[in-house]
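Geometric and topological summary
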Amino acid sequence: MSLPANLRYTEEHEWIEDRDELVRIGITQHAADALGDIVFVQLPEVGEQIEAGQACGELESTKSVSDLFAPVTGEVVAINESVVDDPALVNSEPYGEGWLLEVRTSDTGALLTAEQYAAVIAE
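On a predicted model such as this, the values are computed, not experimentally measured, just so you know. (Residues numbered from 1 in each chain as written. Predicted model: local features only at pLDDT ≥ 70, side-chain atom pairs only at ≥ 80, totals over all residues. Heavy atoms only, no water.)

1. Observations regarding the packing of aromatic side chains
The line we're drawing: Only Phe, Tyr and Trp rings are paired, with Trp represented by its six-membered ring, and only when their centres lie within 6.5 Å; those with planes under 30 degrees apart are stacked, over 60 edge-to-face, the remainder tilted. Secondary structure elements follow DSSP: runs of H or I no shorter than four residues count as helices, runs of E no shorter than two count as strands, and numbering proceeds from the N terminus.
Using the criterion set out here, one finds two aromatic pairs in the structure. With 5.0 Å between their ring centres and 15° between their planes, Tyr9 and Tyr117 make a pair best called stacked. Highlighted residues: Tyr9 in strand E1 (residues 8-9) and Tyr117 in helix H4 (residues 114-122), separated in sequence by 108 residues. Consider the rings of Trp15 and Tyr95, whose centres lie 6.2 Å apart with planes at 45°: the pair is tilted. Taken together, the residues Trp15 in strand E2 (residues 14-19) and Tyr95 in the loop between helix H3 (88-92) and strand E9 (101-108) connect sequence positions 80 residues apart.

2. Re the nonpolar core
As a reminder, the rule being used: Among buried residues, those of type Ala, Val, Leu, Ile, Met, Phe, Trp, Tyr and Cys that are joined through side-chain atoms within 4.5 Å constitute a nonpolar core. For every residue, the accessible area (1.4 Å probe, protein chains only) is compared with the maximum for its type, and the residue is labelled buried under 20%, exposed over 50%, or partly exposed between those bounds. Should any heavy atoms of two residues lie within 4.5 Å, those residues are counted as being in contact.
Counting residues in hydrophobic clusters, the biggest one holds 23 residues, and the most contacted among them are Ile27, Val41, Leu100, Leu101 and Val103. Secondary-structure elements contributing two or more residues to this core are strand E3 (22-27), helix H1 (29-35), strand E4 (38-42), strand E6 (55-61), strand E8 (72-79), H3 and E9. Apart from residues lying up to four places away in sequence, Val103 is in contact with Glu21, Leu22, Val23, Ile25, Ile50, Val72, Gly74, Glu75, Val76 and Val77. One finds Leu3, Tyr9, Trp15 and Tyr117 within the second-largest nonpolar core, a separate group that totals eight residues.

Structure follows, in structure tokens:
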């Protein structure tokens with residue numbers, strides 16, 4: 001399983017990508033594989049404040065419903081409407097077209113490098 005080195009990760013299996021003043025957030029391939037086929041995505045609304053470590057959405061799969069935890073604190077500035085319309089994108093392209101939201105951050109939670117995250121999922 002590939003873990004892009006340019007991303008940072010959480011122990012709850014989210015990733016963030018720095019994009020100038022914003023961060024883009026998604027879930028890892030490991031999480032997508034564990035969830036199975038994702039059939040519904042609930043995301044916060046644009047303008048909503050999210051807090052690092054707190055649930056900010058849900059991913060429903062054929063196996064279960066899982067919370068999406070915010071890896072950062074800040075204001076949601078965009079959601080990926082493509083994923084809302086076609087949740088399977090999260091499974092097929094978790095690091096690409098399957099991203100979930102973009103946030104203007106005011107603080108970050110505990111973030112891991114790709115190497116540190118790889119050690120977490122290897123346990």
